[in-house]
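Examining the three-dimensional arrangement
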Amino acid sequence: MRQGGERARRAAASLDHAPERRKTPRALHHAARALLLLALATAVYLVFPHARVADSAALERGMVAPADVVAGFTFQVPKDPAELRREREEAARGVPPVYDYRPAAADSVLGGVRAFFAAVDAATGGAGGDPRAAVETVLKGSRVGATTGSLDLLADPARRAELLAATEGAVRQLFPLGVAPTSLERDGISAVRVRGAVGGERIVAVDSLLSPDQFYRLAAHRLPASLGPEAAELQRLLLIRSFQPSLAFNEGATEAARARARNAVDPVAATVLRGEKIVGAREQVGAREEARLRAYQGALDRQGRRPATEQTLTRALGAILFNASVLGILGMVLWLSRRSLYEDFRSLLLLAALIALVAGCAATIARFDLPQELIPFTFATLIVAVLWGGKLALSVALLLAILIGGQTPFLGVTAPFTAALTGAAAAFSVRAAQRRSQTWLFVLIIAVAYAFAALTIGLLRSRELPDMLHSMGWGVANAVLSSVIAIGFLPLLESFARVTTDAMLLELADTNRPLLRRLQREANGTFHHTINVANLVEAACQAIGANALLGRVGAYYHDVGKVTKPQYFIENQPKGRNPHDKLKPSMSAAIVRSHVVEGLRLADEARLPEPVKAFIREHHGTQTISFFFDRAREADPEAPISRQDFTYLGPKPRSRETAVLMLADSVESAAHVLHDPSPERLRELVERIVGAKIACGQMDDCPLTLRDIEVVKEQLARVLTGMYHHRIDYPAAPAADTPAAPAEAPAVASTTA
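Residues numbered from 1 in each chain as written. Predicted model: local features only at pLDDT ≥ 70, side-chain atom pairs only at ≥ 80, totals over all residues. Heavy atoms only, no water.

With that out of the way, let us pick up helix H17 (residues 390-405). Look at H17: 22 Å from first C-alpha to last across 16 residues, which is about the 22 Å you get at 1.5 Å a residue. Leu392, Ala393, Val396, Ala397, Leu399, Leu400, Ala401, Leu403, Ile404 and Gly405 are the residues of H17 that are buried. (Helix = DSSP H or I, 4+ residues; strand = E, 2+ residues; numbered from the N terminus. Expected span 1.5 Å × (residues − 1). Buried < 20%, exposed > 50% of the residue type's maximum accessible area, 1.4 Å probe, protein only.)

Below, the structure is given as structure tokens:
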């Protein structure tokens, strides 16, 4: 069981680290990456339509066809969605609204009129009363204005009965003709469909229907002349009081009729027969030809979704091989130029997830016919540029352009060109924006790239200005959204991939972080030593093209282990007090060596990234603590002394930055003991120390060249000369002008000038 568990742990480790020399871990290491590539290639194939690619070249509007494109089968050309939508709306607007005839409306109006006259009869029927006063009371209660003529008319029973009979006759005669609501006249409709009227369902011109006003006027014409002019006004008020149109709008029936009209519009613009020419050789592709080519490709897509056949399987195999070949190029780039990234399986998983995300979004955009400018090429490129650098991001952008441009919905120039240009802009923009607060800068750069791509494609395809502006708008929106989302996800992705970015290093460079604050508080001498070393390392790294920011941050933390026992290191000791005088040399060496182990422990507690911990581990390499080793030999020349007990555990510096730190650390410490740190003596000191490090093999494992070492020595001497430049010893002020200074005042002035 124990052996089986060990094998499993070894196999799991081989996925995420460089393979061992043995065949099994090495094979598993590479097989895992090959399976990841194959899985990603298959996933890209699955998210896109399984279509057969036409033999002809992918043509877009404005291009000239190199040869005749002939339909291999009969297919239909659908209308443009906007055009089809417009035609359907026009058909719907041509459908007359449906109105239902309501016979009960006449009865309702008659009921209201009769109720009024019954109230008047009841009010004037009592003996001994004033009929006019009774009528006036009824009119006020019915909200009908009272005039002298109307009071006289209603107070007379004969004339009142005559008015009622004329009104009832008008309602019975006119309402069957169709009395429309006021809204029909206001909506400007020319005809309506009337259902339920005498004669069955029919379409009636609105002009032949009675409006409420026309109904009131025709009813007035049916009044006897003997009733006088007051009768027409009174009748109008009574009809208004209880009016209801005899035609009611039927919204459900109208919408159903309009839906039938919309569905009746033919969505097909044309039918192309088998063998018919779609576009001829040396002919420019226009809007008509482009629509036919898109329809032809769509027909090929639908053929690809049919039940699996031998031909479909071969197309699937070809698509997967195409995807795998493109992704394999990226794998070779990583193998040849970024071996550390190739060996880090977490980083490969993240890279594969980004590619799959772009492919998935592109497939969704193709399926719903959304603008191609929304494909998030820049999101993936920005993430790669921040995590692993602009060169790799540029490679990813170009390979994504080939990968997506090779999928059936994006065959042509537009998608690959847009992907390559905007991806390159995203890769380069990260160098211009070093801080998260400068996000707007690379958003601007990417947005300009999208606008330029839209302009270029628009001019190349002879597109209209509104179409180009539309593409630019989608591109700018994509640039903003991709940048904001990428910046938001960066901390999570940095943690997953275990990548130390410049943004993270800038945060670690803050001297107010708890670990550096503790170093400043408990080992102040060491803290100031690290500040000086950081200045030396940064200058040297900048001069040789190394990561100066990483060098500075590593210098800040390289000696944090001294905080556990600061009094045992000379930079923290008061003059004349050295606790090592009371210890055996072996014990002193063990304490001095322990600051590396303690530093790594504190780094783990502070969750410092691995590149920063490398400075703690490697800054002394495998050097011997010669001072205590020599003291031990002097104290007991006959005793067997192991040099290993007086040697740092290492390893030797493995990067340019940690190698520069080793040199700067030793040079800065040695410069403090120089009695006269003149430029010449500082240069001699640098030459001697650097030569000693090379002679004892401490530079053997780092990639510094001889040219780099010469530049580093020049920078160390230059910066040290600035640190230890000659200071003016200001004379004391005359006693007549100022009070006498303390005896040590000149010395203080000398050190602070």
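Here the focus is the sheet that holds strand E3 (residues 98-101). Spatially, the four strands line up as an open sheet ordered E5-E4-E3-E6, and their pairing is mixed. Each end of this open sheet is capped by a strand with a single partner; those strands are strand E5 (202-205) and strand E6 (247-249). Strand-to-strand twist of the sheet, defined as the mean angle between neighbouring strand axes without regard to direction, takes the value 40°. Both strand E4 (residues 191-195) and E5 contribute to a ladder of four bridges, which runs antiparallel. Residue pairing in the sheet places Ala191 in a bridge with Ala205 of E5. (Pairing = 2+ DSSP bridges. Axes fitted to C-alpha atoms, helices over the stretch in contact; angles between N-to-C directions.)

Quick look at empty space enclosed by the protein now. In the structure shown here, the tally under the stated rule is three cavities of 30 Å³ or more. Within this model, the largest cavity holds a volume of roughly 50 Å³. Residue lining of the largest cavity: Val326, Leu327, Leu330, Ile355, Val396, Leu399, Leu400 and Leu403, and that is the complete set. Elements that contribute at least two residues to the lining of the largest cavity include exactly helix H13 (310-337) and H17. If one sorts the elements of the lining of the largest cavity by residue count, H17 sits on top with four residues. Broken down by class, the residue content of the lining of the largest cavity amounts to eight nonpolar, no polar and no charged. In this structure, the second largest cavity occupies an estimated 40 Å³ of space. Around the second largest cavity, the lining residues are Glu373, Thr414, Thr418, Ala453, Ala454, Ile457, Gly458, Arg463, Asp467, Met468 and Ser471. Secondary structure elements with two or more residues in the lining of the second largest cavity: helix H18 (414-432), helix H19 (439-460) and helix H20 (465-497). Within the lining of the second largest cavity, the residues separate by chemical class into four nonpolar, four polar and three charged. (1 Å grid on protein atoms, 1.4 Å probe; cavity = no way out; pocket = protein on both sides within 12 Å on 5 of 7 lines; lining within 4 Å. Points joined across faces, edges and corners; volume = space filled by probe spheres on them. Nonpolar A, V, L, I, M, F, W, Y, C, P; charged D, E, K, R; others polar.)

Attention now goes to the packing of aromatic side chains. In this description, an aromatic ring pair is defined by two values, namely the gap between the centres and the angle between the planes. Taken as a whole and assessed by the stated rule, the structure comprises 14 aromatic pairs. Centre to centre, the rings of Tyr216 and Phe243 are 5.8 Å apart; their planes meet at 75°, and the pair counts as edge-to-face. Of the two residues, Tyr216 is situated in helix H9 (residues 212-221) and Phe243 in the loop between helix H10 (229-241) and E6; the sequence distance between them amounts to 27 residues. A centroid spacing of 5.2 Å and a plane angle of 75° characterise the contact between Trp335 and Tyr342, whose relative ring orientation is edge-to-face. Take Tyr342: its relative accessible area is 12%, and that puts it in the buried class. Among the aromatic residues, ring-to-ring pairing joins Phe175, Phe215, Tyr216 and Phe243 into one connected group. If you follow Arg339 out to its NZ or CZ, it ends over the ring of Trp335, 3.5 Å from the centre. Across the ring face of Phe496, the terminal group of Arg346 is positioned such that the distance to the ring centre comes to 5.4 Å. (Phe/Tyr/Trp six-rings, centres within 6.5 Å; stacked < 30°, edge-to-face > 60°. Lys NZ or Arg CZ within 6 Å of the ring centre and 35° of its normal.)

A few words on the pattern of salt bridges. Side-chain pairing between opposite charges can occur once the charged atoms of the two side chains come close. In this structure the tally under the stated criterion is 25 salt bridges. Note that Arg292 and Glu276 form a salt bridge whose closest N and O atoms lie 3.4 Å from each other. Here the residue Arg292 occupies a position in helix H12 (residues 287-304), and Glu276 occupies one in the loop between strand E7 (268-272) and strand E8 (277-279), the gap between them amounting to 16 residues. The exposure class assigned to Glu276 is partly exposed, which follows from its relative accessible area of 28%. The residue Lys713 makes a salt bridge to Glu687 at a minimum N-O spacing of 3.0 Å. With a gap of 26 residues between them, Lys713 in helix H30 (residues 706-723) and Glu687 in helix H29 (residues 679-695) connect regions that are remote in the sequence. Judged by relative accessible area, Lys713 falls into the buried class, the value being 11%. Under the relative-accessibility criterion, Glu687 is labelled partly exposed at 44%. (Salt bridge = Lys/Arg side-chain N within 4 Å of Asp/Glu carboxyl O.)

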